[in-house]
Amino acid sequence: MTAADPRVLPAPIARTDLPVSTEAMARWLIGKSLVHAHLDGTAAGRIVETEAYVPGDSSSHAFRGPTPRNRSMFLEHGHAYVYFIYGSWFALNVSAEPPGTGAGVLIRAVEPTVGIPLMQQRRGTDRLLDLARGPGRLASALAIDRSLDGMDLCQGAPLWLGEPLRPAGPIGESVRIGLSRETDRVLRFFEQGSPFVSGPKRLNALPAARSR
DNA sequence: AGTGCGATTGACT
DNA sequence: GTCAATCGCACTA
């Protein structure tokens, strides 16, 4: 039995086990598995970096209320919000509040665990560290696109949150990346010391990044 | 109907 | 380290 055998894929996590708070969700997701069973094959990773886009946050896509693009952010916690950005890339969020409240957690990086050859093929590189470091790369490696927008991540296939393969280490925190508003809020979380995390060194190295 | 810009990446110096 | 590509979306009119 190999690691890619569906029988040993991380089991889906029930919604009742998810936090119902965006910041708590962003911290909680570190170390959890993200699995996509696709026609091409199954790929999965271990979440190592997230950002919280909390209610009332002017940098959040949900800030101005629901639209056709962002409506998934208003779904019950544990649903996928997938958006298209910069003309080329998709990015995955997990909705994180009760129904009707717009918020989400951006998954910024995963450590590849299952289906590595498939991810290498999708990404056009063999370098393990470049496979899923960054939201656009991660989406590409796991074949995540708008067809998955609004999906329930607690139901198993095709896309789900799974139990950790290995517990998360200490969690680092910093300001979020690439924003022009709310630039001082510490809402980015990552596994301290993981080489699979994105972002500039100054945000990932202590003491700029505080750990807890 | 027109416009400005972005929760980024890959190429390049 | 710097920088331009690229197009869907939301905002203005």
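Right above here is the structure, for reference.
Only a predicted model underlies this, so the values are computations on that prediction, with no experimental measurement involved. (Residues numbered from 1 in each chain as written. Chains lettered and ligands numbered in written order. Predicted model: local features only at pLDDT ≥ 70, side-chain atom pairs only at ≥ 80, totals over all residues. Heavy atoms only, no water.)

Engineer: I'd like a description of the overall build of chain A, backed by residues and values.
Structural biologist: Of regular secondary structure, chain A possesses four helices and nine strands. Across the 212 residues of chain A, 53% fall into the buried class. When the accessible surface of chain A is summed, it comes to about 9500 Å², and 54% of that surface belongs to carbon and sulfur atoms. (Helix = DSSP H or I, 4+ residues; strand = E, 2+ residues; numbered from the N terminus. Buried < 20%, exposed > 50% of the residue type's maximum accessible area, 1.4 Å probe, protein only. Areas by Shrake-Rupley, 256 points an atom, 1.4 Å probe, with all protein chains shown as cover.)

Engineer: Describe in detail the pairing of strand β1 (residues 33-38), supporting the description with residues and values.
Structural biologist: Examined bridge by bridge, β1 and strand β2 (residues 41-53) share six bridges and lie antiparallel to one another. When the sheet's bridge partners are listed, S33 is paired in β2 with R46. The hairpin formed by β1 and β2 contains two residues between the paired strands. Pairing between β1 and strand β6 (residues 159-162): four bridges, direction antiparallel. (Pairing = 2+ DSSP bridges.)

Engineer: Give me the lowdown on the protein's contact with DNA strand B, citing residues and values where you can.
Structural biologist: Around DNA strand B, 19 residues are found, and the nearest of them are H61, Y83, N93, G136 and R137. Taking all atoms of DNA strand B within 4 Å of the protein, the share assigned to sugar and phosphate is 56%. N93 is positioned with one of its side-chain polar atoms (N or O) 2.4 Å from a base nitrogen of DNA strand B. For DNA strand B, a phosphate oxygen lies 3.2 Å from a polar atom in the backbone of P135. Among the elements that line the surface near DNA strand B, the one with the most residues is helix α3 (residues 135-141), at three residues. Counted by class, the surface near DNA strand B contains nine nonpolar, seven polar and three charged residues. (Near = heavy atom within 4 Å. Polar contact = N/O pair within 3.5 Å; in protein donor to acceptor, adjacent residues only side chain to side chain. Nonpolar A, V, L, I, M, F, W, Y, C, P; charged D, E, K, R; others polar.)

Engineer: Which residues make up the protein's contact with DNA strand C, and what values do they have?
Structural biologist: Contacts to DNA strand C come from R64, T67, R69, F84, Y86 and G87. At the protein interface, 88% of the atoms of DNA strand C within 4 Å belong to sugar or phosphate. Between Y86 and DNA strand C, the recorded distance is 2.9 Å, taken from a backbone N or O atom to a base oxygen. Tallied by class, residues from the surface near DNA strand C come to two nonpolar, two polar and two charged.

Engineer: Quick one: what's the story with the pattern of salt bridges, residue by residue and with numbers?
Structural biologist: Counted by the stated rule, this structure contains 15 salt bridges. Measuring nitrogen to oxygen at the nearest pair gives 2.9 Å for the salt bridge that ties E49 to R108. Here R108 lies in strand β5 (residues 104-114) and E49 lies in strand β2, a separation of 59 residues in the sequence. An identical accessibility class is assigned to E49 and R108; each is buried. R146 is paired through a salt bridge with D149; the nearest N and O atoms lie 3.5 Å apart. On the basis of relative accessible area, R146 is assigned to the partly exposed category, the value being 33%. Through salt bridges with shared partners, a single ionic network connects R46, E111, R166 and E191. (Salt bridge = Lys/Arg side-chain N within 4 Å of Asp/Glu carboxyl O.)

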